[in-house]
Structures are given as C-alpha cells and as structure tokens.
Amino acid sequence: MAATKAPDAPTQTPDDGYVVQFYDLSQAAVKLGLREPDDTSARGEKWLRDGYNRPADGSKGRQFPGRYMAGRLKFTEADLAVIAEIALEESDAKRQARANAKPKVSTGRPRRLRKTPALAGT
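Residues numbered from 1 in each chain as written. Predicted model: local features only at pLDDT ≥ 70, side-chain atom pairs only at ≥ 80, totals over all residues. Heavy atoms only, no water.

Trainee: Tell me about helix H2 (residues 45–52), residues and numbers included.
Mentor: Looking only at H2, the buried set comprises Glu45, Leu48, Gly51 and Tyr52. The buried residues of H2 occupy an angular sector of 130 degrees when the element is viewed end-on, so they sit on one face. Taken together, the buried residues of H2 touch helix H1 (25–31), strand E2 (67–69), strand E3 (72–76) and helix H3 (77–100). (Buried < 20%, exposed > 50% of the residue type's maximum accessible area, 1.4 Å probe, protein only. Helix = DSSP H or I, 4+ residues; strand = E, 2+ residues; numbered from the N terminus. Arc of directions from axis to C-beta. Contact = heavy atoms within 4.5 Å.)

Written out as structure tokens, the structure is:
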C-alpha cells in the first residue's frame, strides 16, 4: 500500500471571541487516559511527542495535530479528539493485519523423538 499524505487536522478557531483551552504534554496524557493524574512519571508523553514528530509524508502513520507555543508542545480539545481517533484507527489496522497474517513456517530441524516415554513406569 502506498503511503499517502495525512489530511490536515481540524483546528478549533475562536469564532465567538473565546479563548481555546490548551493542554501541555502531561495534561494531555492524563486527559487521554494514558496515565493517572497523581502519577508523576512521563508515561504517554513520549508517545504524544513521537506522534507529533512523525514525517509529514505519512510513511510512519498520520501525524498528530498540535502546536508549539513558547517552546512547549500544546494540544487543544479538538487535537486530543483527533489523536484518539488516529490511535483507534491504527490499533484496529494492526489487529486486522495480525489476524490476516499467515502463520510462521518453522525452518528449524524437527524435534528428536524420544525412544522411551518420559515417565514410563513411575
């Protein structure tokens, strides 16, 4: 399957003069359910950063929407919804690929047959 360019992510624009709520990496990881709010680890942050930094040509999957503000990666509610959609699509595609994959053929030598049963007579 040829790689296609990921479509532009929809962005939320302030039409009515309201300010859009932005989430940094740690808040976005909690909001997406990648970690608990009281967890101090960086679980989920690398996944979000790697998804944002995917190649624009779509060769490694769709690029996560987001933006840098003041040197920090930020996400809006709409961005998080698109990220969740992308993650679900990719996990479904992987599950389908695994289900359709042919079983691996053994190329090793066959196991040696025992001349006597392992627990014979005990």
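Let's pick the thread back up.
Trainee: Describe unusual backbone geometry, with residues and values.
Mentor: Even without a glycine there, the phi angle at alanine 70 is positive, about 55 degrees. By the secondary structure assignment, alanine 70 is in the loop between E2 and E3.

Trainee: Could you give me a rundown of the side chain of aspartate 24, with the residues and numbers involved?
Mentor: Mapped onto the fold, aspartate 24 is located in the loop between strand E1 (22–23) and H1. Here aspartate 24 falls in the buried class, since its relative accessible area comes to 16%. Looking at aspartate 24, its side chain comes within polar contact range of the main-chain nitrogen of glutamine 27, at 3.0 Å. Aside from chain neighbours lying at most four places away, what touches aspartate 24 is Arg72, Leu73 and Lys74. (Polar contact = N/O pair within 3.5 Å; in protein donor to acceptor, adjacent residues only side chain to side chain.)

Trainee: So what's going on with the pairing of E3? Residues and values would help.
Mentor: In terms of burial, E3 is largely enclosed, as four of its five residues are buried. In the sheet, E1 pairs with E3 via two bridges, with the strands oriented antiparallel. Counted as the bridge partner of phenylalanine 22 is threonine 76 from E3. Two elements, E2 and E3, share three bridges in a ladder whose sense is antiparallel. (Pairing = 2+ DSSP bridges.)

Trainee: So, the packing of aromatic side chains: which residues are in play, and what are the values?
Mentor: Taken as a whole and judged by the stated rule, the model has two aromatic pairs. Aromatic pair tryptophan 47 and phenylalanine 64: ring centres 5.1 Å apart, planes at 65 degrees, arrangement edge-to-face. You can see tryptophan 47 sitting in helix H2 and its partner phenylalanine 64 sitting in the loop between H2 and E2, a full 17 residues away along the chain. Of the residues examined, tryptophan 47 reaches a relative accessible area of 35% and is grouped as partly exposed. Phenylalanine 64 gets classed as buried once you look at its relative accessible area, which sits at 2%. Ring centres of tyrosine 52 and tyrosine 68 lie 5.6 Å apart, and the angle between their planes is 75 degrees; on these two criteria the pair is classed as edge-to-face. (Phe/Tyr/Trp six-rings, centres within 6.5 Å; stacked < 30°, edge-to-face > 60°.)

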